[in-house]
Amino acid sequence: MKFSYLRALAALVLGVALSACGGKASFDVSGVFVDTLGHSQAVPNSGMILTDNGGDDISIPAGATSFTFPHRLSYGDNYDVEFKQQPDHMTCSFTNFNTGSAGHTISISVSITCAQNTYTLGGTATGLANCPAPTSDIPYCLTVTNGTTGGTFNITKPADGTDNAPFTFASPVRDGDSYGVTVLTQPANMNCTVANGAGIMHDANVGNVLVTCVPK
Amino acid sequence: MKSLTLRAGLALLCAATLSACGGGSGSLVLQTTIVGLIKDGLIITNGGDTLTVPANTTGITFPTLIGADDQFDIEIKQQPTHANCVLANNKNKANVYTVVQSSITCTTDSYNLGGTVFGLTGTGLVIANGADRVSVTPSPNPGAPVAFIFPTKVPDGSPYGVTVLAQPTNGQVCEAYNNSGNMPSGDSSAVGVNCH
């Protein structure tokens with residue numbers, strides 16, 4: 001009884017495997033775009049070029065959710081999908097195997113996830129020699145913020161008496177997002193103002209925000 | 001042969017289960033992870049334990065150890081000020097898995113941030129709270145005050161900082177004032193922008 005079940009199952013598996021081979025002499029090299037949780041997500045920006053085996057190229061338009069290379073592969077042929085060009089303002093990566101052998105799995109589906117490029121935001125604060133001496137209650141001279149979600153940065157009085165100090169926000173800013181630096185907490189004895197504090201992040205780090213503090 | 005393997009396996013499983021039980025002496029540490037708590041005031045309970053959870057806590061353990069298969073029931077006795085927390089996996093029979101699976105997710109109340117633009121006659125003005133932007137167009141009566149509200153609400157107590165991202169195209173220069181602070185416990189229309 002048990003053995004006859006086994007035999008029937010084996011025959012069925014063999015049959016399925018054979019029909020899979022016989023019915024499909026060639027294989028599509030295709031893939032999908034997903035978010036970090038694996039859900040389908042359209043590529044927001046154009047410019048991506050994918051290549052298979054270094055010669056079969058495909059341009060990915062903005063809004064694409066999947067792709068299929070023009071050339072099909074025969075059983076046993078290797079595929080090797082790589083980025084020839086990243087999309088504008090984004091960096092994409094493979095979330096599963098981007099190389100392999102056709103026929104190893106029933107279909108070839110490469111998975112790609114993309115993230116907007118980010119850049120750092122910072123600059124220089126001047127006039128810090130006049131900052132009040134730090135205390136345990138008020139350890140910082142002043143605090144600057146990049147809106148609500150961009151984070152805050154506490155600027156301290158340089159211990160060596162230097163008047164200037166650089167600062168960089170811990171949270172980088174996504175390409176295309178606006179930023180706006182303001183003084184959230186002023187020192188008691190000075191007025192600090194911000195120059196070059198607002199703009200739109202684009203393709204490079206911003207390091208020219210200038211905070212100038214003058215005694216009241 | 002097969003039944004022998006089964007029996008041996010069962011015996012092993014039994015032994016493992018018993019040792020995990022530890023004889024019911026109350027050896028399991030009940031803990032909960034906390035996400036998004038930025039306000040004080042949260043008080044949680046389990047049985048006789050009552051814990052006050054300060055702002056910015058990301059995880060907490062209950063002092064009383066519990067025994068395997070004992071029932072635990074984590075409840076919120078008091079919500080944080082201006083925030084709401086929700087429990088998950090907070091009631092179960094204790095075992096090595098369930099005692100680490102409970103969580104508390106908190107959302108801080110958020111309010112509208114806005115203000116008034118004075119003297120605006122040109123188009124193209126964009127003001128921003130960091131990554132959150134709003135375009136402001138002149139009043140039908142050019143130069144009259146125009147109110148604005150940012151599209152994204154700001155959580156109670158969170159910082160904000162409003163800047164002029166794009167000036168009007170007619171050569172006017174606008175400047176924000178009273179433009180940075182921590183969000184009060186209610187809508188604020190305190191930000192001012194002067195254009196001249």
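Heads up: the structure comes first, above all this text.
Residues numbered from 1 in each chain as written. Chains lettered and ligands numbered in written order. Predicted model: local features only at pLDDT ≥ 70, side-chain atom pairs only at ≥ 80, totals over all residues. Heavy atoms only, no water.

Engineer: When you look at the packing of aromatic side chains in this model, what are you seeing that I'm missing?
Structural biologist: Where two aromatic rings form a pair, the distance of their centres and the angle of their planes describe that pair. Evaluated as defined, the whole model comprises seven aromatic pairs over all chains. Centre to centre, the rings of A:Phe33 and A:Phe67 are 5.5 Å apart; their planes meet at 50°, and the pair counts as tilted. Placement of the pair is A:Phe33 in strand S2 (residues 29-34) and A:Phe67 in strand S5 (residues 66-68), with a sequence separation of 34 residues. Overall, the relative accessible area of 4% leaves A:Phe67 in the buried class. Ring geometry for B:Phe148 and B:Phe150: centres 5.8 Å apart, planes at 85°, overall edge-to-face. Here B:Phe148 and B:Phe150 have matching classes, each one buried. Every member of this aromatic cluster is reached through a ring pair, and the members are A:Phe33, A:Phe67 and A:Phe69. (Phe/Tyr/Trp six-rings, centres within 6.5 Å; stacked < 30°, edge-to-face > 60°. Helix = DSSP H or I, 4+ residues; strand = E, 2+ residues; numbered from the N terminus. Buried < 20%, exposed > 50% of the residue type's maximum accessible area, 1.4 Å probe, protein only.)

Engineer: What is the right way to look at unusual backbone geometry in this model?
Structural biologist: When glycine is set aside, most residues are seen to have a negative phi, and most peptide bonds are trans. Of note in this structure, A:Asn196 is not a glycine but carries a positive phi near 55°. Turning to its location among the elements, A:Asn196 is positioned in the loop between strand S18 (190-195) and strand S19 (198-200). Located in the positive-phi region is B:Asn56, a residue other than glycine, with phi close to 70°. Mapped onto the fold, B:Asn56 is located in the loop between strand S3 (49-53) and strand S4 (59-61). Residue classification places B:Asn56 among the exposed positions, given a relative accessible area of 58%.

Engineer: So what exactly am I meant to see when it comes to the interface of chain B and chain A here?
Structural biologist: It is common to report an interface's size as the accessible area lost on association of the parts. Contacts between the two partners involve 20 residues from chain B, matched on the other side by 17 residues from chain A. Taking both partners together, chain B and chain A bury about 1,200 Å²; carbon and sulfur atoms supply 58% of that area. Among the residues of chain B in contact with chain A, B:Arg133, B:Pro159 and B:Leu165 are the three that bury the most area, contributing 36% of the side total. Our count for the contact surface shared by chain B and chain A stands at zero salt bridges. Our enumeration of links across chain B and chain A arrives at seven residue pairs in polar contact (both at pLDDT 80 or more). If you list the elements that add at least two residues to the side of chain B that touches chain A, you get strand S11 (125-129), strand S12 (132-136), strand S14 (154-155), strand S15 (159-166) and strand S17 (180-182) of chain B. It is S15(B) that contributes the most residues to the side of chain B that touches chain A, seven residues altogether. Of the residues contributing to the side of chain B that touches chain A, the split by class is nine nonpolar, nine polar and two charged. (Contact = heavy atoms within 4.5 Å. Buried area = accessible area lost by both parts, 1.4 Å probe. Salt bridge = Lys/Arg side-chain N within 4 Å of Asp/Glu carboxyl O. Polar contact = N/O pair within 3.5 Å; in protein donor to acceptor, adjacent residues only side chain to side chain. Nonpolar A, V, L, I, M, F, W, Y, C, P; charged D, E, K, R; others polar.)

Engineer: Explain the sheet that holds strand S13 (residues 142-146) of chain A to me, please; I cannot follow it from the model alone.
Structural biologist: Residues and elements named next belong to chain A. Taken in spatial order, the four strands make up an open sheet running S14-S13-S17-S19, and their pairing is antiparallel. The open sheet terminates on both sides in strands that have one partner only, identified here as strand S14 (152-155) and S19. On average, each strand axis in the sheet is tilted by 25° relative to the strand beside it, whichever way the strands run. Looking at chain direction, S13 and S14 are connected through four bridges and run antiparallel. Paired with threonine 143 across the two strands is asparagine 154, which belongs to S14. (Pairing = 2+ DSSP bridges. Axes fitted to C-alpha atoms, helices over the stretch in contact; angles between N-to-C directions.)

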